[in-house]
Amino acid sequence: MTASFQSPPQWHRRHVLSLQDFSAAELDIVLQTAASFQEVLNRRTKKVPTLQARVVANLFFESSTRTRNSFELAAKRLSADILNFAPGTSALSKGETILDTAKTLWAMGAEFMVIRHQQSGVPHTIAAEMDRLGTRVAVLNAGDGLHEHPSQALLDLFTLCQLYNPRQPRCALLQGKKIAIVGDLRHSRVARSNLYSLKAAGADVHLAGPPTLLPSEFSDYGVTLHWQLEPALIHADVVMTLRLQRERMDQHLIPSLREYHQQFGITHERLRLCQPHVRVLHPGPVNRGVELSSALLDDAQFSLVNQQVTSGVAVRMALLYLMGSYLDPSA
Ligand code: CP
């Protein structure tokens, strides 16, 4: 391991629940730590003993492919022991509460709880209870309802900064870059976390979507709103597409998926409005042919979707490592 792992930089957070109050300096700590772990992941031996014998509990009350597996792999690469909690086969079905479930895992020795829940605020509630009980448990929000998805925004930030400097990714690289975030802003926890981190990095953020999916309150974030796609795309350096959340479409917020694609779907042709070096992101899972064309999704010249997934492991290793250092600075 490099010296930076022995002597972690200043980090003052036990929990990571939101990016709202992250400074650029703190984001840079995550980026630099993730870059070091990415070097580890590129080696033949991809494992380090950093969290040996420490217990990470994955509590995913809502379905996930990327985030759950990425946290599991990150914890394994750090030599932690993993508890994968599956609600359907747990004592929740016998009436146990979520807080009692968390306390049970803490009593088994879980030091880290990675929590995804369909309701906003559940990770905060568990973190508050762990604090009230005087435990040393660190809680990581892995996506809560419509609220936030901090580790997704951090891996997006890492992916983007690495475009401009692969070995030394840092927020300053995004200063003044035009980043268009397109799609279902209203329901997107990914967008909310990204707004905080991209604004902290000094990016010029533009949001685009139909008025039903892009309420005017978003102007409070200090970004530019567009209810048509083209102005958002003109000279953009980056286009972030958001998943159209079919499970929330029972309110008839768009006429049809086909019409949405016609108006806001990202295609090779529409990218001609952007900078020639433009790159496209999507947090996944993708609705092929809706948020972006299938051909664009698979075009590695423009699409960073696979890179985002790869970055996720290094970024989540960095978060677990930094939070672990806070819990036990001597480790
Ligand atoms: N991006 C994201 O959160 O994907 P999953 O739902 O698969 O975890």
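Every residue near the ligand is listed here: Ser 64, Thr 65, Arg 66, Thr 67, Arg 116, His 149, Gln 152, Pro 283 and Gly 284. Separating an oxygen atom of the ligand from a side-chain N or O atom of Arg 116 is a distance of 2.9 Å. Coverage of the ligand by the protein chains reaches 92% of its 260 Å² of free accessible surface. Applying the majority rule of atoms within 2 Å of the grid points places the ligand in the largest pocket. Grouping the amino acids of the shell around the ligand by side-chain chemistry returns 1 nonpolar, 6 polar and 2 charged.

Over the atoms a probe the size of a water molecule is rolled, and this reveals where empty space is left. Scanning all chains against the criterion turns up 2 cavities of 30 Å³ or more. Here the largest cavity defines a volume of roughly 60 Å³. Surrounding the largest cavity, Arg 66, Ser 70, Gln 152, Leu 155, His 282, Pro 283, Gln 308, Val 309, Gly 312 and Arg 316 form its lining. Of all the secondary-structure elements, those providing two or more residues to the lining of the largest cavity are helix H3 (66-77), helix H6 (150-164) and helix H12 (305-327).

Taken as a whole and assessed by the stated rule, the structure comprises 6 aromatic pairs. The interplanar angle of 55° and the centroid separation of 5.4 Å between the aromatic rings of Phe 61 and Phe 85 together place this pair among those described as tilted. Note that Phe 61 is positioned in the loop between strand E1 (55-60) and H3 and Phe 85 in strand E2 (residues 81-85), a separation of 24 residues in sequence. Pair check on accessibility: Phe 61 and Phe 85 agree, each one buried. Consider the rings of Tyr 260 and Phe 264, whose centres lie 5.9 Å apart with planes at 25°: the pair is stacked. A residue pair is termed a helical-turn pair when its members lie 3 or 4 positions apart in one helix, as Tyr 260 and Phe 264 do in helix H9 (residues 257-264) at 4 residues. Among the residues examined, Tyr 260 registers a relative accessible area of 3% and is labelled buried. What makes Phe 264 buried here is its relative accessible area of 3%. Site record: aromatic cluster; members linked through ring pairs are Tyr 196, Phe 218 and Tyr 221. One cation-aromatic arrangement involves Lys 177 over Tyr 164; the distance from NZ or CZ to the ring centre is 4.5 Å.

Thresholds, definitions, all that
Residues numbered from 1 in each chain as written. Predicted model: local features only at pLDDT ≥ 70, side-chain atom pairs only at ≥ 80, totals over all residues. Heavy atoms only, no water. Near = heavy atom within 4 Å. Polar contact = N/O pair within 3.5 Å; in protein donor to acceptor, adjacent residues only side chain to side chain. Areas by Shrake-Rupley, 256 points an atom, 1.4 Å probe, with all protein chains shown as cover. 1 Å grid on protein atoms, 1.4 Å probe; cavity = no way out; pocket = protein on both sides within 12 Å on 5 of 7 lines; lining within 4 Å. Sits in = over half its atoms within 2 Å of the grid points. Nonpolar A, V, L, I, M, F, W, Y, C, P; charged D, E, K, R; others polar. Points joined across faces, edges and corners; volume = space filled by probe spheres on them. Helix = DSSP H or I, 4+ residues; strand = E, 2+ residues; numbered from the N terminus. Phe/Tyr/Trp six-rings, centres within 6.5 Å; stacked < 30°, edge-to-face > 60°. Buried < 20%, exposed > 50% of the residue type's maximum accessible area, 1.4 Å probe, protein only. Lys NZ or Arg CZ within 6 Å of the ring centre and 35° of its normal.

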